[in-house]
Amino acid sequence: MDKENSKIKETIRRDYSAIARANNESSCCSGASCCCTSGSSSSSGSCCGSGILPDQGGLSELLGYSPEDIASVPDGANMGLGCGNPLAISEMEEGEVVLDLGSGGGFDAFLASRKVGESGRVIGVDMTEEMVEKARRNAESGGYSNVDFRLGDIEALPVDDESVDVIISNCVINMSLNKHQVFNEAFRVLKPRGRLAISDVVATTELPAEVKSDLDKLSACYVGAETASTLEKMLETAGFTDIRLAPLDQGKEIISSWQIGANVEDYIASYSIEATKPI
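Numbers given to residues run from 1 along each chain, matching the order in which its sequence is written. In keeping with the predicted nature of the model, local features appear solely for residues at pLDDT of at least 70, side-chain atom pairs appear and are counted solely at 80 or more, and the whole-chain, interface and lining totals rest on all residues. The side-chain numbers reported here are obtained from all heavy atoms of the structure, hydrogens and water having been left aside.

Engineer: Can you lay out the environment of Gly 64 for me, pointing to particular residues and giving the numbers?
Structural biologist: Numbering goes from the N terminus for both helices and strands, where a helix is a DSSP run of H or I of at least four residues and a strand is a run of E of at least two. Residue placement: Gly 64 occurs in the loop between α3 (56-63) and α4 (67-72). Once the C-alpha coordinates of Gly 64 and Pro 86 are considered, the two residues, 22 residues apart in sequence, prove to be 9.1 Å apart. The contacts of Gly 64, once residues within four sequence positions are left out, are Asn 85 and Gln 250. Whether two residues are in contact is decided by their heavy atoms, any of which lying within 4.5 Å being enough.

Engineer: An account of the packing of helix α7 (residues 179-189) against helix α9 (residues 228-238) is requested, with residue identities and associated values reported.
Structural biologist: Helix packing geometry: the angle between the two helix axes and the distance between the axes. Angular values range over 0 to 180 degrees, each being the angle between N-to-C directions of two axes fitted as lines to C-alpha atoms, with helices fitted over their stretch in contact. At a minimum axis distance of 9 Å, the contact between α7 and α9 shows a crossing angle of 45°. Of the possible angle classes, the one that applies to α7 and α9 is oblique. Seen from above, α7 lies across α9 with right-handed handedness. Together, Lys 179, His 180, Phe 183, Asn 184 and Phe 187 of α7 and Leu 231, Met 234, Leu 235 and Ala 238 of α9 make up the contact between the two elements. Angle categories are assigned with fixed cut-offs, so that under 35 degrees is roughly parallel, over 145 is roughly antiparallel, 65 to 115 is roughly perpendicular, and the rest are oblique. Definitions for this section: a left-handed crossing has its near helix turned counterclockwise from the far helix by less than a right angle. A right-handed crossing has that turn clockwise.

Engineer: Go over the packing of aromatic side chains, please, and point to the residues and values.
Structural biologist: Working definition: rings of Phe, Tyr and Trp (its six-membered ring) pair if their centres are within 6.5 Å, and the pair is stacked with planes under 30 degrees apart, edge-to-face with planes over 60 apart, and tilted otherwise. Applying the stated rule across the entire model yields 4 aromatic pairs. Pairing Phe 110 with Phe 149 gives two aromatic rings, centres 5.6 Å apart and planes at 80°, and the pair type is edge-to-face. One end of the pair, Phe 110, is in helix α5 (residues 107-116); the other, Phe 149, is in strand β3 (residues 147-151), with 39 residues separating them in the sequence. Phe 110 gets classed as buried once you look at its relative accessible area, which sits at 0%. Here the aromatic residues Phe 110, Tyr 144 and Phe 149 are joined through ring pairs into a cluster of three or more. Categorising residues by exposure relies on relative accessible area from a 1.4 Å probe, with only protein chains included: less than 20% of the type maximum marks a residue as buried, more than 50% marks it as exposed, and the intermediate range marks it as partly exposed.

Engineer: Just give me the short version of the confidence of the model for the chain, but keep the residues and values in it.
Structural biologist: A score from 0 to 100, pLDDT tells how confident the predictor is in each residue. Averaged over every residue, the pLDDT of the chain is 86; the share at 70 or more is 86%. Counting contacts from residues 26-45, a segment whose pLDDT is below 50, to residues more than four positions away or on other chains yields 59 contacts. In this model, residues 50-56 is a region of pLDDT below 50 whose contacts with residues beyond four sequence positions or in other chains number 23 contacts.

Engineer: Tell me about the sheet that holds strand β2 (residues 121-126), and name the residues and values.
Structural biologist: Should DSSP find at least two bridges between two strands, the strands are regarded as paired. Strands sit in the order β3-β2-β1-β4-β5-β7-β6 across an open sheet of 7 strands; the sheet is mixed. The open sheet has two edge strands with one neighbour each: β3 and β6 (241-247). Averaged over all adjacent pairs, the angle separating strand axes in this sheet is 15°, with direction ignored. Summarising the sheet, β6 and strand β7 (residues 268-276) pair through 5 bridges and their orientation is antiparallel. Counted as the bridge partner of Pro 247 is Tyr 271 from β7. The strands touched by helix α6 (residues 129-142) are β2 and β3; relative to β3, the strand with the most contacts, the crossing angle is about 165°. Docked against the sheet, α7 engages β1 (97-101), β4 (164-170) and β5 (190-203), running at close to 155° with respect to β5.

This is the structure we're talking about:
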């Protein structure tokens, strides 16, 4: 099983490496999800948000970002790969430390840095070297001195115990085959009273067996979706309290806009996921 997990992770890494390279090389893909389809090297030929027309502002506003948010980040940071806006539920405060799981080009991390201010800090973790390099270039071009991007796995975070106030993530955890470990790691690095604020896809009904077994399409962000009750149990087992999972008002519309096919919007929706580490 470990060998199979490694193979699947490598496929996902290869997909998102291709996206980062395509986003760097093609002006039509600047901040848009057209890269997901054309740039992917896997058999899935897609990733989160694939198939959406290259309308960066329209997509991001559908996900819950304001025009000011979109305009404030460096060019290329917004790659259109999310399924919600975790900052809308994060309640960040000035001076806090924020961790972004699967930080990609740095879009959410840069927005978080504005909320925590110069006295705060943001750490972005991504397992794709090309994404980390891209995010670091974006941080340098935008003058973000309080943001640190690290190469690492969300199942084995390169972050100290009890060092983080808020964890955010945008449509990433669904791709992990070991979500229990992701939540265990999140619990480890959060300070007491630390918060989890995630946007992700959740299965609204049981996925067809042929879809669930097609692990080559994990990068498309629907094969690995779990039900709300399953995710709630995982969070409880990890030690979290005050667990809240809620579908986004536009959750089905977001999934439908991906244009993946197979009527996946009948099986999954975008959710907000919140939880707290107790004292």
